[in-house]
Amino acid sequence: MTAEPVENEETAGIVREQLTEAVALCRGAGDERELATALRRLGHAEQDAGNNDIAVARYEEAVAAARRAGDPLLLAHSIRHVGDAHRAAQRLARAAVCYDEALALYAKHPDPPALDYANAIRPMAILKEALGKTAEARYLWTRAKALYAAVPIAAGIAECDANLARLA
């Protein structure tokens, strides 16, 4: 069954409250890894609620916590989300900087998780196409497709195929 808009809004509010509490608990415990994850999830909830500027702030806090935790994969994942929020707000130059850093972190890692890496390449492909850089977008869709195939994630492969066909 589909919930009524008021129910969805109430549920989203409860989720944001619970995530805010989780952030406070992680801060109190001094657990930077868990704090980064909680902040990223809170940022996602804020973005879903249409609070993009608040989402960016939470994502940026997640990046700071991930840097303190010293985990390059957590950092890359967090930075990618900052880029997604900037792209959603049409701040394409800021998004590109975030995607570049996230992709560089994944590229340096000896064994980056294929799904996370593909999910970082995907928005850069979207961004490159939005900037009119079709050849770069095709290259990125091809890379993302190979990573989605390694997992395998059928929906990711299909999205890549559709974009590659459209850009051919």
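Everything in this summary refers to the structure shown in the same document. (Residues numbered from 1 in each chain as written. Predicted model: local features only at pLDDT ≥ 70, side-chain atom pairs only at ≥ 80, totals over all residues. Heavy atoms only, no water.)

## Here we look at the overall build of the protein
Item 1. Regarding its fold elements, the protein presents eight helices and zero strands.
Item 2. Overall, the protein shows an N-to-C arrangement of helices and strands of α-α-α-α-α-α-α-α.
Item 3. The dimensions of the protein, computed from C-alpha atoms along their principal axes, are 50 × 40 × 30 Å.
Item 4. Out of the 168 residues belonging to the protein, those deemed buried represent 39%.
Item 5. Relative to all contacts within the protein whose residues are 6 or more apart in sequence, the contacts with residues 24 or more apart total 50%.
Item 6. Element-wise, carbon and sulfur atoms account for 55% of the exposed surface of the protein, whose accessible area totals about 9000 Å².
Item 7. Within the protein, the 24 negative side-chain charges are centred at a point lying 8 Å from the centre of the 20 positive side-chain charges. (Helix = DSSP H or I, 4+ residues; strand = E, 2+ residues; numbered from the N terminus. Buried < 20%, exposed > 50% of the residue type's maximum accessible area, 1.4 Å probe, protein only. Contact = heavy atoms within 4.5 Å. Areas by Shrake-Rupley, 256 points an atom, 1.4 Å probe, with all protein chains shown as cover. Lys, Arg positive; Asp, Glu negative; His and termini not counted. Charge placed at Lys NZ, Arg CZ, Asp CG, Glu CD.)

## Structural notes on the nonpolar core
Item 1. In this structure, Ile-79, Ile-121, Leu-127 and Trp-141 are the most contacted members of the largest nonpolar core, which totals 47 residues.
Item 2. Per element, the largest residue contribution to this core is nine residues, and it comes from helix α5 (residues 92-108).
Item 3. When neighbours within four sequence positions are excluded, Ile-79 is seen to be in contact with Val-63, Arg-67, Cys-98, Glu-101, Ala-102 and Leu-105. (Core = buried A, V, L, I, M, F, W, Y, C linked by side-chain atoms within 4.5 Å.)

## Some remarks on unusual backbone geometry
Item 1. The omega angle of the peptide bond from Val-151 to Pro-152 is -15°, so this bond is cis rather than trans.
Item 2. Secondary-structure assignment places Pro-152 in the loop between α7 (134-150) and α8 (154-167).
Item 3. Positive phi outside glycine occurs at Gln-90, with the angle close to 65°.
Item 4. Along the chain, the position of Gln-90 falls in the loop between α4 (72-88) and α5.

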